[in-house]
Amino acid sequence: VAELPDSEARLVCLDADWEAIAQESEENPICGSEPKNLAYALYTSGSTGQPKGVMVAHRSLVNAYHSWEAAYQLRTEVSSHLQMASFSFDVFSGDLIRALCSGGKLVLCPQEWLLEPEKLYQLMRQEKIDCAEFVPAVLRTLIQYLENTEQNLNFMKLLVVGSDSLYRKEYEEFKRFCGSDTRLINSYGVSEATIDSTYFEGTTVNLSDNGLVPIGRPFANTQIYLLDPHLQPVPIGVPGELHIGGAGLARGYLNRPELTTQKFIPNPFPIQNSKFKIQNSDSQRLYKTGDLARYLPDGNIELLGRSDHQVKLRGFRIELGEIEAVLTQHPRVREAVVIAREDQPGDKRLVAYVVSSPSSEDVTPNALRDFLVKLLPDYMLPNAFVILDAMPLTPNGKINHRALPLPDSATFCLGATFVAPRNSVEQEVAEIWLQVLGIDKVGIYDNFFQLGGHSLLATQVISRIRKKFEVELPLRCLFESPTVAGLAEGIQAAMKTEPERNSSPIDRISRNGNLPLSFAQERLWLLEQLQPGSLAYHTPAAVRLDGSLDITALEQALNEILRRHEVFRTTFSVVDGQPVQTIVPFQSVSLPVVNLGELQEVERILKVQQLMTEWGQNLLDLIQAPLLRWMLLRVSEREHLLLLSTHHIVCDGWSAGVFVRELATLYNAFSQGQPSPLPELPIQYADFALWQRQWLQGEVLETQLAYWKRQLGTIPPVLKLPTQHSSTQTSTGKQHSFTLSPTLTEAVKTLCKQEGMTLFMTLLGAFKALLYRYSTQDDIAVGSPIANRNRSEIEELIGFFANTLVLRTDLSGNPSFRGVLKRVREVTLGAYAHQDLPFEKLVAEVQPERHLGQTPLYQVWFVLQNAPMPVVELSSLTLSLLEIETGAVRHDLKLDLTETSEGIEGFFEYKIDLFEASTIARMTQLYETLLETVIKQPNIQLSALVKVLENIENQQRLAQEEEFKTVRRQKLGNLRRKPVKS
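To start, this report covers the structure provided alongside it. (Residues numbered from 1 in each chain as written. Predicted model: local features only at pLDDT ≥ 70, side-chain atom pairs only at ≥ 80, totals over all residues. Heavy atoms only, no water.)

## A closer look at the sheet that holds strand S7 (residues 183–188)
Okay, step 1: Spatially, S4-S3-S5-S6-S7-S8-S9 is the arrangement adopted by the 7 strands of the open sheet, whose pairing is mixed. Looking at which strands have only one partner, the edges of the open sheet turn out to be strand S4 (105–108) and strand S9 (217–218).
Okay, step 2: With respect to the sheet, helix H4 (residues 90–101) is in contact with strand S3 (80–83), S4 and strand S5 (131–134), its orientation differing from that of S3 by roughly 165 degrees. (Pairing = 2+ DSSP bridges. Helix = DSSP H or I, 4+ residues; strand = E, 2+ residues; numbered from the N terminus. Contact = heavy atoms within 4.5 Å. Axes fitted to C-alpha atoms, helices over the stretch in contact; angles between N-to-C directions.)

Structure (C-alpha cells):
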C-alpha cells in the first residue's frame, strides 16, 4: 500500500477491510442493460466516403466471440494476441474480446510500427505472440522483411488475414513463412455484420485461377446468400451480390433510417423453427454488402470484388479487380491497385499502381503493358503504370486510394520502338496527338489507332493540322500513314504544293439583321413545316444524378449553359419567304422540382415512367425560346432525374457530350461557391451558319460536288427490303435490341486489325452483305451520320453540325468478304474526305424523286456510336445521360451499334408500317450468323455467304413451323377433351 502513488481514488484493501466487505450482499449487481442494447456505434466511411454510424448490439458481439471460439479454439490453442488496429476500426473490438474473453494476453502495437517490420517482428518475438490478425498490406511488408533476413513465423499458431483483398499467389507465399502448426486464415466481414462473417482455411489454393483467395464458409449463426438483382439465389459459379443474415447483424445506421432501409432488407428466405412453427428473429433481415461473389464447386465462396468498383469507360464496363488479379501474376509484381482517375472532367483513364517484388529487377510501364496485352482486351489496359515503393495506407492499414499519386509522363506506356520527334513538324503533330488522344507522351512510330484513335478522333487531328499548318490534308492520309512520322511527311509534301492556302477562319458576325440558317437547319425547318406535330426530330433526354445534389447549383449551371450557347436561345421564323434565326436575350429560367420521395417504391417507379413518357411526347415550338426545357424529378434523397428537351435543329450527338461536360464543370464550381471556370466562347453557331454559306461556294463547292456526283452517278436504286406493308406517311417505330457476345466482339476486332479496317468499316461491310442477301441487289447505298466537327473552332460548340454521308458500294462480281471490306473502306475514306458538302446541298443538286416520309438517296441508316459521351463522377455526384424514347423514327430501317464491355450492343429500329417484328428478329439473328461466318472464312464469296444465310433461315422457318404444329395439336387435343353444352 505504501508503494502506491498518491490518488484521490477510494482505496479498498481486501484483507484489512474484509470484515466489512463480508457484510455486503453476495448477489450480482442488477444491470439494466439487455442483449439488444448497443455495445458500440462505430463510424465507417464505406464505399461512398460518407461516414455512417453502425449500431452493434451486445448480443451480436457476444455471438461473434463464441463463433471465433468455435472456429479457432482460442482457449486451448493460443495465449498471446497482437493488437494492431486503431480504436476506430472494428477489428480492434474483435482483437480485444478474442484475447480477454478467452483468458489470453493482449499486446498493443504502436501504430507507427505497422510499416516498420523490424520493430514489429521484434515485438512479436519478445511478447511470444502466437495469434494476430493482419491486413494484407501490413503482412506483405512483414513478409518482405522476413525474406530479406531469412526469418520466419514458425512460432505463430493462428495467423488471420482480413479486411482487404488477398490474392491466391500471396496466400501461398505467406504459407512458406509459417510453421506446420500455423493456421493461416483468410477472413471476410463487414462492420454491419459485426466484424467477421466467413473464413477460409486450406492447405492449398488453385493458382491457375487468377482470382482472390476464397472467403470460405460462414461462422456459426451466420447465413450467406448470393442473390441476383431480383433477390433470387444464383447457381454455383454464377456471380451474385453477397447478402449476410444471422445473429451478427447490426441494428442499422445511427440517425440514417433511409440508408438503413436501403441496406438492411427483409429476408426473402426467413428460417422457420419447425418445432414451434415460428420464424427465427435472427433471420428476418439481410444486409446488402455490395460485394460480388460466387459459389465454388467445393462449397467455398469466392469474392469477385465490389459492385461499385466496376467502372464504365468509353462505353465499357470494367471490373478493376480483374485487372489487379492479372497484374499480380507478373513475376515482378508483389502488389497492384487499379483505379479510374478523372483528374479533368470527361477525361477518365485507368491507372495501375504497382509495388515490385523484393530483390527483383526494376519493372517498367512498357513491360507491364506488354504482359497485360496477352491476357486482357484492349479496353482494360491501363493508360499509366505508377511504380511505388509501398502502397499508402489508412490508419486502419487499408490501402488509401485517395493518397495514390498523380501519374506523370514517365508512367505512361510508349511504343516498343519509341523515338522522340526529330523536327518541328513532327513535334507539332505529336502535340496534336497528345491533345486529341489525352495521353502524355507519344513517339513518332506509335500507331494512332492502337493508341485508342478512331475515325472521329482522326477528324479532329486533321482539323487541327489544317489550322496549325494551313494545309488541306485528306483524312485518308492518317489512315494510310497512322504514325507521327508518316503524317509529318504528308504535311511537308502538302506545304510545298499549297504554300499560300487560305484557311478561311470562322469570324464573329454582327447580330443585327436577319441571320441565315445552316444548310442542315434549313432542311429540318422545312421538314417541321411539312410534318407539323412530328416527334421525329425532338430529342428528349434525362440526366441521372446519383449522390448529394445541390439543386441551386444545378439551376445555376443550367442557366449558365443557356447563357453561353446562343443556339438554345434561338427562334426560327420566316422573313420575305426565307427562314431566318433570331437570338433572344438571356433570361434566367427556374428549375421546377417534382418530389416523388414520399411515394411507395412501386408507385414511385410507375410515376417516374409516366412522367418520362409524357416528357418524351412534349413538342417544342421553333418560334418559342428557349429551345431547351428542363424539369427535375426527386426520386429519393440521393437519386434525381433531370429531364431535358430540345430539338435536333439546335443540338446533335456530339453536342450532348459537350453539354454533360459543361454541366459537370459548372455544377462543381457553383456548388463550391466559385465562379464559372469555362472561358467565353469566341464564336457561336450563328457565326458558323453564315461562314458555311459563304465558304461553301465557288471552287470549294465544285470540288465537293464533283466527287459526290461521280460517286452517286445515277440515283441509287431503292432497296427491295422484306417489307410486309405498303409505305405510309407515319414515322411510328419500334426497336429490337441485341448484344453480340464478348467472344464474337473480340473476334470482329481481331479481323479489323488483320484487314487494316476500323470497327465501323467492318460492321458496315457485314451490314451491306446482309442487305445484299435480302435485296439481291449489288448496288447498295446506306446513310450514315458524321459529326462534321472537322474544324477546331467548333469542337466545343453546341449546335447541329452533324452531316449525312451516302455510302454507296458496288458489290457486283461476286467478291469475297475481304473484297467487300476493301470496297467499303475506299467508299468510307472518300466520303470522309468530302464530308463538308451538306446532305441538303447534295439533294438539291442531284434532285432525286422525293416522297413525303422517305429520305432521298437512301432508305437504310447505319451508325456506330463513338461521339464522346462521358459518365462524369464528381466528389459527391455522378452524372450519366439517358435517352427517352418517343416512339418516332426517322428512317425506314436503322442499325445502331455501340461497343461495350459486354460485347457490341445494338438495335434495329424500324417503321412498324413497313416491317413485322418477326422479320426484324430474323434479320438480327442473320447479322450475327453472318459475322460468325466471315470471321472464320474471310475469303468466302458473297454467293456462298448468301447460301449459308439461306440455310440458316430455312432451319429457323422449319423449327417455327414445327413449333406451330405442336401448339395447334395441343389446342385441338384440349378442345376434344372439353364437354360440349347445348
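And the narrative resumes.
## Points about the packing of helix H6 (residues 136–149) against helix H7 (residues 168–175)
Okay, step 1: Packing of H6 against H7 leaves a shortest axis separation of 11 Å and a crossing angle of 45 degrees. When the interaxial angle is binned, H6 and H7 end up oblique. Here the hand of the crossing between H6 and H7 comes out left-handed. Facing H6, whose interface residues are Leu 139, Arg 140, Ile 143 and Glu 147, H7 presents Glu 170, Glu 173 and Phe 174. (Parallel < 35°, antiparallel > 145°, perpendicular 65-115°, else oblique. Left-handed = near helix turned anticlockwise from the far one by under 90°.)

## Focus on the pattern of salt bridges
Okay, step 1: Scanning the entire structure with this criterion turns up 32 salt bridges.
Okay, step 2: Arg 791 serves as the salt-bridge partner of Glu 793, at 3.4 Å between the closest nitrogen and oxygen.
Okay, step 3: Its relative accessible area of 9% is what places Arg 791 among the buried residues.
Okay, step 4: The partner of Asp 896 in a salt bridge is Lys 894, and the shortest N-O contact between them spans 3.4 Å.
Okay, step 5: Its relative accessible area of 5% is what places Asp 896 among the buried residues.
Okay, step 6: Its relative accessible area of 15% is what places Lys 894 among the buried residues.
Okay, step 7: Here the residues in one salt-bridge network are Arg 508, Arg 511, Glu 566 and Asp 687, joined through shared partners. (Salt bridge = Lys/Arg side-chain N within 4 Å of Asp/Glu carboxyl O. Buried < 20%, exposed > 50% of the residue type's maximum accessible area, 1.4 Å probe, protein only.)

## Notes on a nonpolar patch on the surface
Okay, step 1: Nonpolar side chains collect at one region of the surface, where Val 1, Leu 4 and Leu 11 lie side by side and expose about 320 Å² of accessible area between them.
Okay, step 2: If you trace the backbone, Leu 11 turns up in the segment before helix H1 (18–21).
Okay, step 3: A relative accessible area of 47% means that Leu 11 is categorised as partly exposed. (Patch = residues over 30% accessible without salt bridge, like charges linked within 9 Å, V, L, I, M, F, W, Y side chains within 5 Å. Areas by Shrake-Rupley, 256 points an atom, 1.4 Å probe, with all protein chains shown as cover.)

## Details of the nonpolar core
Okay, step 1: If you look at the biggest cluster of nonpolar residues, it comprises 161 residues, and the most contacted ones within it are Trp 433, Leu 554, Leu 642 and Leu 763.
Okay, step 2: Those residues in contact with Leu 763 that sit more than four places away from it in its chain are Val 748, Phe 862, Leu 864, Leu 897, Ile 904, Tyr 927 and Leu 931.
Okay, step 3: Core analysis: the second largest hydrophobic core is formed by 40 residues, Leu 42, Leu 61, Ile 224 and Tyr 253 among them. (Core = buried A, V, L, I, M, F, W, Y, C linked by side-chain atoms within 4.5 Å.)

## Overview of H7
Okay, step 1: Among all positions in H7, only Arg 168, Glu 170, Tyr 171 and Phe 174 are buried. Around the axis of H7, the buried residues are gathered within 160 degrees of arc, so they sit on the same side. (Arc of directions from axis to C-beta.)

## Considering the sheet that holds strand S2 (residues 52–57)
Okay, step 1: One open sheet accounts for 3 strands, arranged S1-S2-S12; its pairing is antiparallel. The two strands at the open ends of the sheet, each matched to only one other strand, are strand S1 (38–44) and strand S12 (252–253).
Okay, step 2: Relative to S12, S2 runs antiparallel, the two being bridged by 2 bridges. If you follow Val 54 over to S12, its bridge partner there is Tyr 253.
Okay, step 3: Sheet strands in contact with helix H2 (residues 58–72) are S1 and S2, and its direction is about 70 degrees off that of S2.

## Structural notes on the environment of Ala 193
Okay, step 1: Looking at the element boundaries, Ala 193 is found in the loop between S7 and strand S8 (198–200).
Okay, step 2: Residue Ala 193 is classed as buried on the basis of its relative accessible area, which comes to 4%.
Okay, step 3: Sequence separation between Ala 193 and Gly 246 is 53 residues, and the spatial gap between their C-alpha atoms is 8.4 Å.
Okay, step 4: Among residues more than four places away in sequence, those in contact with Ala 193 are Ile 244, Gly 248 and Leu 249.

## Some remarks on the pairing of strand S23 (residues 538–547)
Okay, step 1: In terms of residue burial, S23 counts as a mostly covered element, since 7 of its 10 residues are buried.
Okay, step 2: Bridging between S23 and strand S28 (residues 639–647) involves 9 bridges; their strand directions are antiparallel. Residue Ala 541 lies in a different strand from S28, and its bridge partner there is Leu 644.

## Digging into the packing of helix H15 (residues 519–530) against helix H24 (residues 839–846)
Okay, step 1: Across the interface, H15 lies against H24 with an axial gap of 7 Å and an inter-helix angle of 70 degrees. For the element pair H15 / H24, the angle class is roughly perpendicular. In this structure, H15 contributes Phe 519, Ala 520 and Arg 523 to the contact, and H24 contributes Phe 839, Glu 840 and Lys 841.
Okay, step 2: Considering only residue class, the contact of H15 with H24 consists of 3 nonpolar, no polar and 3 charged. (Nonpolar A, V, L, I, M, F, W, Y, C, P; charged D, E, K, R; others polar.)

## Brief notes about unusual backbone geometry
Okay, step 1: The omega torsion across Ala 625 and Pro 626 is 0 degrees, close enough to zero to call that bond cis.
Okay, step 2: Of note, Leu 857 is a non-glycine position whose phi angle comes to about 80 degrees, a positive value.
Okay, step 3: Mapped onto the fold, Leu 857 is located in the loop between H24 and strand S32 (860–864).

## As for the side chain of Lys 894
Okay, step 1: With respect to the secondary-structure elements, Lys 894 resides in strand S35 (residues 893–900).
Okay, step 2: Only 3.4 Å separates the side chain of Lys 894 from the side chain of Asp 896, close enough to count as a polar contact.
Okay, step 3: The residues contacting Lys 894, other than those within four sequence positions of it, are Trp 861, Val 863, Phe 907, Phe 908 and Glu 909. (Polar contact = N/O pair within 3.5 Å; in protein donor to acceptor, adjacent residues only side chain to side chain.)

## Observations regarding the side chain of Thr 924
Okay, step 1: Tracing the backbone shows Thr 924 in helix H25 (residues 917–936).
Okay, step 2: Leaving out residues up to four positions away in the same chain, Thr 924 has contacts with His 736, Phe 738 and Phe 908.

So, to be careful, I would describe these as geometric facts and stop short of saying anything about function.
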